[in-house]
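# Structure assessment
Here is what each chain is made of, one letter per residue.
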Amino acid sequence: MGREKGQRVKGNLKPASSGRTAELVMPQAPVTFGSLSGALGGSGAAPFVPLIPDSEETGLDIQLTLTLRKLGKKDPITKIKALNELIDECTRDEAVSNSILPYWPKIYIRLAVDESRKVRELAQSLLSTIALGVGRNLAPQTKILLPTWYLSMSDTFPPAASIATNAFNTTFSTPEKQNQALLFCAVEVSACLKERITGEMEFHKFTALDAINKILKQGQILTDLLEELLLKDTKFWKLAEDESTLVRRTFFDLLSTIAEMNGNLIPKSKLSGVMRRGFESEKLELQSFWNCFLTLTLNGLFDDKKVAESQILLCAKNAFYGNATKLGPLVLPLVAKIQVPKEIFLALQEGFVTEKSISEKQGILRTYAEVLCYVYRETKSVPEEVFPFIISEYRGMSEFGRTISTLLKNESFYKDLTEFCLSKDEVMSHQDFGHFVLSFVKRKARVQFETTKEADEYEKISHQKDFVQKLSFRFIQLKNYVSFSMISRYFSSGIFYRDLLTPSQISTNFGPSEDPETKIPLLRISLDLLKAFPESPYSLAFLSETFKNFTQTQFDFETFLKEIEPFEGMREIRRWLKTDAFREQALQLESKTLTKYILRRGEIFGSEVIQAKIHDLTEFPLEGLEVVRDFLYEPSCPVDLTLVFLSLWDHFLSRSEETNPQVEEICWKILDRGLVSRNFLFGRIGEKAESIDSVSELEELVLIGQQVASDVELEIEQVSIGVDLSDLLAFRGFSFPYLRHKDLANPKRFSVKRILRKTLFLGKVLLTINSEGSDEKLISMGLNLLYAKALGDFWEDMDRRNWEKQGEKDFLEKVELLLTQFLKKLSEENNVWKEFCGRVSRMCGDSVWESKYPLESFLGITKQMELSSITQLTNDEPFLDLDNLQDLFQKHLLLPNVGDLARRLVKDFKKQRNDHPEKFHFETVYSHLDYREKAKLLGLLELTMELMLHDVEFLSVGTCWVAGWLEMAKNIQDEKINYLWVAKLNRAVILIHELSKTETSFTQEYVEFHANNLFPTVYSHYLFLRHTTEFWGLEAAESVCEAVSLIPTTIFNSIILEATKAFELFIPVAQRTEIFFKVSAYKLLRKVRLTNEIVPRELEAYFKGLRRREYTEDLNLTYVLLWGALLKAQPNAWELANYVKEDYLLPNILSLVFFTLIPEQPKALFEQDPVISTRNIPSLSHLSCWLTQNILRALPYTVRWWWTQLTKQRDKVHVEKIVTKYLSAKLAAEELSKVKWDEEAGNVTVNCHPGCNELIARYKIEETSVLLTISLPLNHPLGPVQVKISDKKLLARISQLLNTRSHSLAAGLKLWKESLDILYKDQDECTICFFILHHQTKQLPKLACKTCKKKFHSACLYKWFSTSNKSECPLCRNLW
């Protein structure tokens, strides 16, 4: 029997409980503050603090008990995690706080003094949470918690102290409650403080001192504790010499507080010794010490004047030990209490000179000034060393001057200072001496040249007037204009100047100066003089003379304008600005500052000058960007800058890379301020949208347009191409009244860019903004989008390659997407939808609307969106005569009941043909001169095509009619109606060919009968039109080229008996620029098979001629297509591989595609083969990737030879990188998949492994097998094929076959099998083992007996001789 197993408890709390064992050994004792020395870091023996009891005894949750026990671990990370868990639990559930409260105090006492700052912080957070959760239940634990809690409020880690303080203030919310709590726990708090303050740890000493200080400041006088510390405990006084700066500082702060609260408790004997030792120490820089020294001195507790005087002088000489800003203010109270030391000024001067910090120097000067004011008030005299010092150090005396001017208002002091300054001309000649003078009359540290001073500013300095006047006049005499301009600008009033001089003295005391440093001061003086004496001609004359110094450079003139601008309100200044001298100088210079100045002063410069400046800003908006920005932030614009604003908007709408980022901000500011019309600006944006080149640019303009059009009433006009496209649309097979203008000139390829972009822009804007009458605008916009889509589809069909090259396909897709959004919005309301459908059916007056394309687009989209469309045709609608038959069918062609309509029309159509055969005969119609009758036959042909689409039974009849019409149109004449007839007939052939693929009942009939009747005539049309250059001829040729590309190979080969003839005919066609000619020639050449020539002479001559021509996109396209046709037309890859090694053949095309045509990221192009048709020609890059794959498939050996012949290593790496990354795996898999071995050849099995590019073949003979392994390299086909086989001769043959000739793997396998079959066919078996191949060595019997001529395996014969101990033949028994 095994022991009884119970459920294990997480944490093994029940078994091996060391805490529980400890409690049994040492019973718990009540925790008192007298026994907390161990927990608090004291020196006494630490009593045992029991751990948390087991959960069964406490009733706590197991997990909670485990978390509490973690708080007793040494690892701080463990404690931090446990504290975070407890904080979360207590915050979530207040019951947890009440449950752990009995155990929390002893844990808190430990954690509050932990070495980890984070642990202390989280302990205070948990205490705050518990106190908030338990409320009044905390009272029984207060005497245990409060001492440590209060001391924690002085924690050296600020976050912990802050949390403890907040918790204490929250728990004891008023000062009365806090005092009551301290009194309630006074004994415990005092015991804890005494124990900590006499301890050894810095942390404990600091917290105890700081806590006592706080208690005293709260009004709690701990008399017993203080008497014991101050009178009996010597350790307390030793804290003044503690190594810790923090402890020393707190000690002196506490001593200052005790002196203020109850100084009688401090014994003077101990205090005197502490202070003397403090003065002798090197730690005098403590501000707390000097505060203590000041407090004790002022309270009469320290009265040793000699020591105090010596220490003040020493401190001043040492520049207050780098703490002048804090210690300096303490000097004046000290010197006022004791006798002022005679050497105090010399000491402060010495400290000022030695100090490097500017802020500390200012602190010393402030102290110097305060002491000087005190001495001057007491003695009515200035020490002889003061004035020489302040004059010698005048550059740094700003703080001294401000302090003196604030504290000392005695006129005699400034009189003495004036006399001393006047005796120092060498100092007063300095240009910055004016700062020193102003420091006594102005509170600001540096002069700010203000022009709007009160009239009584000068009167405020009545006790300093003589000081300012005499020094100012002395500045004028010494020509120190810089210093005088400072005073002049500050006192820019008539009172100051009238006391200083008269107007007649201006010319004698001031004059122009060539010194660049005095130009601006003289200008300021001249302006101040003009302000003081506005009517005096001397003032204006002085300003004019000063202006001449500012006409040399643009910078000088701009400086003059900035200085004079605040004075332009004066009538005299405005009059002076209108003088010819100033205007001419302003117009000669060009700068932004001058431009802004001229535009703001139109009354000075006149309208012509203003308009010229506006024109310049309009032409070069970026150069005037700063000018425009300044005007925008003015309350009112002084001139009309609308043209400039629009010019900036035009630049912003261009969205060029060089656009200044500030332009956008300024443009929107212009719009927000209403400086341009939103309607006009929106029109400009729409015009810009019509000429952009990419969809992304249009999207940016749409975003701008949406913001501009937020308050604009949009007007949606009906768009129109403005060109009669009747003939062009007729070529595309659209039904409407054809050929309105018989003599219509050959139109150029028109552009629909404008309509596409404008419609797309307006539609996107309208879709996002709300305006009145939106239903009508939505309908109009929907019609415009439908028109644009029809026009875009027509252009794409007409000129597909140019369309795709110009990126119009992206715009058309966006138009279609937007059209679906509009249709969805219109269909939300039934009445609006009905109105829109009716408008679509009634639209006319434009050649595009009269075609079927808008209607077809509309019905196609509505069907896709599952929306109801136009009302269906009723079955009882009467049929009309033949003239209107196609119009009737066109009108209802795309409706749901079109099948029934088609069958009814077929019946009537056949009847019309029988009754009026002359109307169905092209030659008969053509013999008439009536152009309308000719055009009507075209309508009959189109109606025939439409009926074939909708009536399968009519398909065979209609095909016969088309074949008959084709036979009549063999001879084409150069007339538009003939080209139109041929174009529509060939489109009918294309339609019949497509229907033969979908209608299975018609397929066999088409292949066996109709194709032979249709395509010979189509081919004759192709031969006739291959040289045409006429517009209408090219339109017809496009349809013919598409139709001839569909010719079956058998029919084409029966027409072209020689392959070389085909190349002779179609290579010139392939060189034409029209895409449909190129593609048709390519498709026809792919249908021939070269047998007599490897590369036709015409094609080889074309390839040779390319070396002397410049490669263009058109030439490259022709080159690639002809190579693709050659690879298809030449079935003998081995002969082609050897023939195309000439430089102008394969090396030339490979160099072109690899180094020029293949893009950098061709992965997507290699994955899918292009679809080449006359209507869909892929990009040249896609065709190049397709041709590369075909060459690598057909001519791998030749490509490998070309690659190894490359001379530049980088070219080889480039080619190998492309082949390895994009083609090798694909080609290797294709090569392995082609190996289809005949299973009936039972002695060979083949296994292909595409994943590792490996093929393994086994040739079985008897009970053994011969293994062949073929491995394709990673860079296949550039690298050689690896072959592994035991027969070395056969190995060489197979390797040569696969690596030196363009043979497939199947060919190598076939050679290997045939060779083994021949080898083993007549081979006799070994008479020892009775096998042809040895089972181990795989060798044939080679050793023959000389007598019987029988052959044996060498291994078998050796074993026979060694086991029989004889040298006899195993068969004839003769000696070997």
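About the thresholds
Residues numbered from 1 in each chain as written. Predicted model: local features only at pLDDT ≥ 70, side-chain atom pairs only at ≥ 80, totals over all residues. Heavy atoms only, no water. Axes fitted to C-alpha atoms, helices over the stretch in contact; angles between N-to-C directions. Helix = DSSP H or I, 4+ residues; strand = E, 2+ residues; numbered from the N terminus. Parallel < 35°, antiparallel > 145°, perpendicular 65-115°, else oblique. Left-handed = near helix turned anticlockwise from the far one by under 90°. Contact = heavy atoms within 4.5 Å. Phe/Tyr/Trp six-rings, centres within 6.5 Å; stacked < 30°, edge-to-face > 60°. Buried < 20%, exposed > 50% of the residue type's maximum accessible area, 1.4 Å probe, protein only. Lys NZ or Arg CZ within 6 Å of the ring centre and 35° of its normal. Arc of directions from axis to C-beta. pLDDT = per-residue confidence, 0-100. Salt bridge = Lys/Arg side-chain N within 4 Å of Asp/Glu carboxyl O.

At a minimum axis separation of 11 Å, helix 69 (residues 1180-1194) and helix 71 (residues 1209-1233) run at an interaxial angle of 50°. Here helix 69 is positioned oblique relative to helix 71, judged by the angle of their axes. The chirality of how helix 69 crosses helix 71 is right-handed. On helix 71, the residues that touch T1188, Q1189, L1192 and R1193 of helix 69 are V1219, L1223, K1226, L1227 and E1230.

With that settled, the discussion passes to the packing of aromatic side chains. Applying the stated criterion to the full structure yields 44 aromatic pairs. When the centroid spacing of 5.7 Å and the interplanar angle of 40° are considered together, the rings of W104 and Y108 count as tilted. Taken as a pair, W104 and Y108 lie in helix 6 (residues 104-111) at a separation of four residues, close to a single helical turn. As far as the burial class goes, W104 and Y108 line up, both buried. Taken together, a centroid distance of 5.9 Å and an interplanar angle of 35° make the contact between F484 and F510 tilted. A residue pair is termed long-range when its members are at least 10 positions apart, and F484 in helix 29 (residues 481-490) and F510 in the loop between helix 31 (506-509) and helix 32 (516-532) qualify at 26 residues. The buried category is assigned to F510, whose relative accessible area is 4%. When the ring centre of F550 is taken as origin, the NZ or CZ atom of K519, which lies over that ring, is 5.4 Å away.

Looking only at helix 33 (residues 537-547), the buried set comprises S539, F542, L543, T546 and F547. Along the long axis of helix 33, the arc covered by the buried residues comes to 140°, so they all point the same way.

This part covers the confidence of the model for the protein chain. Predicted coordinates in regions of low pLDDT should not be interpreted in detail. Averaged over every residue, the pLDDT of the protein chain is 75; residues scoring 70 or more account for 73%. Here helix 1 (residues 18-25) is the element of the protein chain with the lowest mean pLDDT, 43, and helix 63 (residues 1075-1085) is the one with the highest, 90. In this model, residues 16-51 is a region of pLDDT below 50 whose contacts with residues beyond four sequence positions or in other chains number 46 contacts. Segment residues 870-899: pLDDT under 50, and 60 contacts once partners within four positions in sequence are set aside and those in other chains are kept.

Before going further, it helps to spend a moment on the pattern of salt bridges. With the rule as written, the count across this model stands at 20 salt bridges. The closest approach of N and O atoms between D425 and R474, which form a salt bridge, is 2.4 Å. Highlighted residues: D425 in helix 26 (residues 425-428) and R474 in helix 28 (residues 465-477), separated in sequence by 49 residues. Residue R1097 pairs with E1093 through a salt bridge whose shortest N-O separation is 2.8 Å. Under the relative-accessibility criterion, R1097 is labelled exposed at 58%. Through salt bridges with shared partners, a single ionic network connects R366, E399 and R402.

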